[in-house]
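Here is how the chains run, residue by residue.
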Amino acid sequence: MTTMFRAAAVAAAAVLLHITPTVVLVERPDAVAQLLPGADRYFAREVHLADADAHKLHEAVDWSPTDGVLTFYSGRRGNALIGVLEFVRVDTPHGPVEVTVAFDTRGAIRGVIVTKATVETKPWVLEALRAGLVGHYRGLTVADIPAASTALRGSVGELPLYMAQQVDKGVARALAAYGTFYK
Amino acid sequence: MLYDLSRADAPVKWSVTCLLLTFALAYGFGGWMVALYAGFGPKQVAATYARSEMSMPMPPESTVVVEHPMTLSQFAESAPHPVDTALLVQDTHVHVPMYGVIAACLSVVVLGLRMSRRAALGTISLLFAAPWLDFLGMWLTKFLAPGFAWLTIVGGWAMAAGLVIVTGMALWQMWLRKERAVS
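This is a predicted model, so every value here is computed, not measured.

Reading the values: rules and limits
- Residues numbered from 1 in each chain as written.
- Chains lettered and ligands numbered in written order.
- Predicted model: local features only at pLDDT ≥ 70, side-chain atom pairs only at ≥ 80, totals over all residues.
- Axes fitted to C-alpha atoms, helices over the stretch in contact; angles between N-to-C directions.
- Helix = DSSP H or I, 4+ residues; strand = E, 2+ residues; numbered from the N terminus.
- Left-handed = near helix turned anticlockwise from the far one by under 90°.
- Contact = placed C-beta atoms within 7 Å.
- Nonpolar A, V, L, I, M, F, W, Y, C, P; charged D, E, K, R; others polar.
- Expected span 1.5 Å × (residues − 1).
- Buried ≥ 20, exposed ≤ 12 C-beta atoms within 10 Å, placed from the backbone.
- Pairing = 2+ DSSP bridges.
- Core = buried A, V, L, I, M, F, W, Y, C linked by C-beta atoms within 7 Å.
- Parallel < 35°, antiparallel > 145°, perpendicular 65-115°, else oblique.

Draft legend 1. The packing of helix 3 (residues 51-61) of chain A against helix 6 (residues 158-181) of chain A, seen in detail. All names here are of chain A. Relative orientation of the contacting elements helix 3 and helix 6 amounts to 140°, with a least axis distance of 10 Å. The two elements helix 3 and helix 6 cross, and the hand of that crossing is right-handed. Between helix 3 and helix 6, the contacting residues are Lys 56, Leu 57, Ala 60 and Val 61 on the first element and Ala 172, Arg 173, Ala 176, Ala 177 and Thr 180 on the second. Looking at the contact of helix 3 with helix 6, its residues break down into 6 nonpolar, 1 polar and 2 charged.

So this is what it looks like as structure tokens:
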């Protein structure tokens, strides 16, 4: 009975502490300022997807945005467009990761910042970032398939590699959403 | 009484004590985390779990685009940790089974306490009903009305009350109450 009680206690504590609270790696306003440099006006474009479009997106990248709404944020300097960005969340068994993907005026990726992770995934994400993960996304267009994680294979551990694959997934979602619904 | 914790061997009492104190530690941190990520008031809980204001009750027949200006400071999110449907599914999947295990462990402790049958039934019911109320409140807050946040608050406090009742009674009966000598 003693063993049973102890095992239950350890399991209970582990699961209660397994709750994966979000950790902000970069504040959203800071990410926006970095990814849309020079912008002095900002706009949020909410795209409320009809069933058919939501299905199309789901088929393409196995993803449905929260409440069926895609939000694109554009930054302008005066009337000149600086760029567009999206915050994309990827749910993992270790909690959600938020990937911020910015596009330049030609529609290519200007930069990617991982803005949120969890207490559990933060060290893995940071290791992947230190290995140069996000640099591999620069210049990708909607015709490309992001696979920056493959470039990290062998240089990071299994869990950072797994998180890199999740970031790939977030960038793929951003590309699909931007290519299909940002007109 | 076949199973009486107050007369159990010291190792059994000690393991039950360790179990209860471990639960108390985990619950303490759980409460701290609720304070950090959701809050204890109905408004904060509703802000965490209710659907976002921009969601539509039904998907539109054709995709709708709405654009509005915003400031850089508005990129900072008002809700620190909004939980959408996908995350609530994950949270429910992770938490409910473990809450069941915790309730079962505490119920085993209750079975070894000296209390009336009615009190034991009531306490065991409380232990299992509390997490149900907690998560029911979250789901109803999301899909019916923000007012159901009260149910989550009641459920959370009921979980705490269940632990305090069982722990208090167990520690009292195992370690503090003097046995009357039987002549």
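Draft legend 2. Quick peek at the environment of Tyr3(B). Residues and elements named next belong to chain B. With respect to the element layout, Tyr 3 can be found in the segment before helix 1 (10-37). For the pair Tyr 3 and Leu 113, spaced 110 residues apart in the sequence, the C-alpha separation amounts to 8.3 Å. For Tyr 3, the contacting residues outside a window of four places in its chain are Leu 111 and Gly 112.

Draft legend 3. Spatial organisation of helix 3 (residues 85-111) of chain B. With 27 residues, helix 3 of chain B extends 37 Å from end C-alpha to end C-alpha; this agrees with the ideal 39 Å at 1.5 Å per step. Where helix 3 of chain B is concerned, the buried positions are His95(B), Tyr99(B), Ile102(B), Ala103(B), Cys105(B), Leu106(B), Val109(B) and Val110(B).

Draft legend 4. Structural view of the sheet that holds strand 3 (residues 69-77) of chain A. The strand order across the open sheet built from 7 strands is 1(A)-6(A)-5(A)-4(A)-3(A)-2(A)-1(B), with neighbouring strands paired in antiparallel fashion. One side of each edge strand has no neighbouring strand; the edge strands of this open sheet are strand 1 (22-24) of chain A together with strand 1 (64-70) of chain B. Across the sheet, the mean angle separating the axes of adjacent strands is 25° when strand polarity is ignored. Strand contacts of helix 2 (residues 28-35) of chain A: strand 3, strand 4 (80-92), strand 5 (95-103) and strand 6 (109-118) of chain A, with the helix running at about 165° to strand 6 of chain A, the strand carrying the most contacts.

Draft legend 5. Broad picture of the nonpolar core. Ranked by internal contacts, the top residues of the largest apolar core, which has 50 residues, are Val99(A), Val101(A), Ala128(A) and Val171(A). The greatest single-element share of this core, amounting to 10 residues, is contributed by helix 6 of chain A. Setting aside its immediate chain neighbours within four residues, Val171(A) contacts Val99(A), Val101(A), Val112(A), Tyr137(A) and Pro146(A). Core analysis: the next-biggest nonpolar cluster, separate from the first, contains 34 residues, Tyr27(B), Val109(B), Ala149(B) and Leu163(B) among them.

Draft legend 6. Representation of the pairing of strand 6 of chain A. Residue and element names in this part refer to chain A. Burial analysis of strand 6 places 9 of its 10 residues in the buried class, which makes it a mostly covered element. With 3 bridges connecting them, strand 1 and strand 6 associate as antiparallel partners. Looking at strand 6, one finds that Thr 22 is bridged to Thr 118. Where strand 5 lies against strand 6, 6 bridges are found, and the strand directions are antiparallel. In the strand pairing of strand 6, Glu 98 is matched with Lys 116. The hairpin turn running from strand 5 into strand 6, its antiparallel successor, is 5 residues long, and Gly 107 in that turn takes a positive phi close to 90°.

Draft legend 7. Up close: the pairing of strand 5 of chain A. All names here are of chain A. Burial within strand 5 is extensive, with 9 of its 9 residues counted as buried. Bridge count between strand 4 and strand 5: 9 bridges; the pairing is antiparallel. For Glu 86, the partnering residue across the bridge sits in strand 5 and is Val 101. Between strand 4 and the antiparallel strand that follows it, strand 5, lie 2 residues.

Draft legend 8. View of the packing of helix 2 (residues 42-49) of chain B against helix 4 (residues 117-143) of chain B. Residue and element names in this part refer to chain B. Close contact between helix 2 and helix 4 brings their axes to 9 Å; oriented N to C, the two are set at 70°. Judged by the angle between their axes, helix 2 and helix 4 are roughly perpendicular. Considering only the axes of helix 2 and helix 4, their crossing is right-handed. Packed against helix 2, whose contacting residues are Val 45, Ala 46 and Tyr 49, the element helix 4 presents Met 138, Thr 141 and Lys 142 at the interface.

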